[in-house]
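# Chain and residue survey
The lines below spell out each chain.
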Amino acid sequence: MAFTLPEGLAPEVYPLAWLVGTWRGKGVVVYPNIPETAVTQEVVVDHDGGPYLRWSSTLWLAPDAVPDPTTGDDAAEAEPRVWGTEQGYWRIPPERPADVPQDRHPVELMLVDPAGHLSLYAGIVGNGRIDLASDLIARTPDAAEVSAATRLYGFVQGELMWTWDLAAFGEPLQSYASARLTRVEP
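Residues numbered from 1 in each chain as written. Predicted model: local features only at pLDDT ≥ 70, side-chain atom pairs only at ≥ 80, totals over all residues. Heavy atoms only, no water.

## Some details on the nonpolar core
- Judged by nonpolar contacts, the single largest core of 41 residues is most densely connected at Leu16, Leu19, Leu53, Trp90, Ile130 and Tyr153.
- Examining the composition of this core, we find that five residues originate from one element, strand E9 (residues 159-168), more than from any other. (Core = buried A, V, L, I, M, F, W, Y, C linked by side-chain atoms within 4.5 Å. Buried < 20%, exposed > 50% of the residue type's maximum accessible area, 1.4 Å probe, protein only. Helix = DSSP H or I, 4+ residues; strand = E, 2+ residues; numbered from the N terminus.)

## Section: the environment of Leu160
- Mapped onto the elements of the fold, Leu160 is located in strand E9.
- With near-sequence residues (within four places) excluded, Leu160 lies in contact with Trp18, Leu19, Trp23, Tyr153, Gly154, Ala179, Arg180 and Leu181. (Contact = heavy atoms within 4.5 Å.)

## Description of the pairing of strand E1 (residues 21-31)
- Inspection of the sheet shows E1 paired to strand E2 (residues 34-46) by 10 bridges, in the antiparallel sense. Its bridge partner being in E2, Val28 is matched across the sheet by Ala38.
- Remark: two residues form the turn of the hairpin made by E1 and E2, two consecutive strands paired antiparallel; Asn33 in that turn has positive phi of roughly 70 degrees.
- Relative to strand E10 (residues 174-185), E1 runs antiparallel, the two sharing eight bridges. Residue pairing in the sheet places Trp23 in a bridge with Arg183 of E10. (Pairing = 2+ DSSP bridges.)

## Some points on the layout of surface pockets
- Taken as a whole, the largest pocket holds about 570 Å³ of empty space.
- Taken together, the elements giving at least two residues each to the lining of the largest pocket come down to E2, strand E3 (53-61), strand E4 (82-91), strand E5 (105-113), strand E6 (117-126), strand E8 (146-156) and E9.
- For the lining of the largest pocket, the class distribution of residues is 20 nonpolar, seven polar and three charged. (1 Å grid on protein atoms, 1.4 Å probe; cavity = no way out; pocket = protein on both sides within 12 Å on 5 of 7 lines; lining within 4 Å. Points joined across faces, edges and corners; volume = space filled by probe spheres on them. Nonpolar A, V, L, I, M, F, W, Y, C, P; charged D, E, K, R; others polar.)

## Quick look at the sheet that holds E1
- Around the barrel, which closes on itself, the 10 strands sit in the order E1-E2-E3-E4-E5-E6-E7-E8-E9-E10 with antiparallel pairing between neighbours. Here the average twist between neighbouring strands, direction ignored, is 25 degrees.
- Sheet analysis places E6 next to strand E7 (residues 129-139), joined by 10 bridges and oriented antiparallel. Looking across to E7, one finds that Ser119 is bridged to Ile137. (Axes fitted to C-alpha atoms, helices over the stretch in contact; angles between N-to-C directions.)

In C-alpha cells:
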C-alpha cells in the first residue's frame, strides 16, 4: 500500500507524516495499585501547515470495565468514562545531532494533561518507529508525582501500536499503558 503525504504538510515534519489521521482502538492500563483495566482510545493527529503536528488523545475505561455504582455489578449498557486525556505538539528539531543515524531524525513531543502535568519528551523517529524519553515532567502542586516516562510508537502493518512506561508514586520505571489503534480517517 502506497503512502501519500498529507496535503499541505510542512516538510520539517515529513518523518512523522505516518501519524497524521484519526486512530481508534483498544488497550490496557496497569500499574502497582491499579488493576489491569481495559481501555479504548482515540488519537487525532493533524496539522495546519506549520512545522509541527498537533496531538489529541483520550483514553476511556472500556464500558465493561465500569461497574454499576448502585450494585457494583458490571454494567451491560454503561457509558465509558474518561481515564485520561492529553493535548500537545510533535516537532522535528532543526539541528541534527551528529550521532543520529541518517535514516533517523531527532523528535520532540510536548504534552499537557488536565491532571496537572506538562511533559517534554525527546527521542528518535525513523522507519515507522518513535522512541521517546522524558526530558522534563512538571506538575501542579496537587498533581500526582511522576518522575520519568518513556513512550514507544510504531507503525506496524498499518496500525499504530504504542507503549507508555512511567516512574510514579515512588515506583521504578515500568509499564503503565499500551494500545493497538487503527486509522479511521486519513
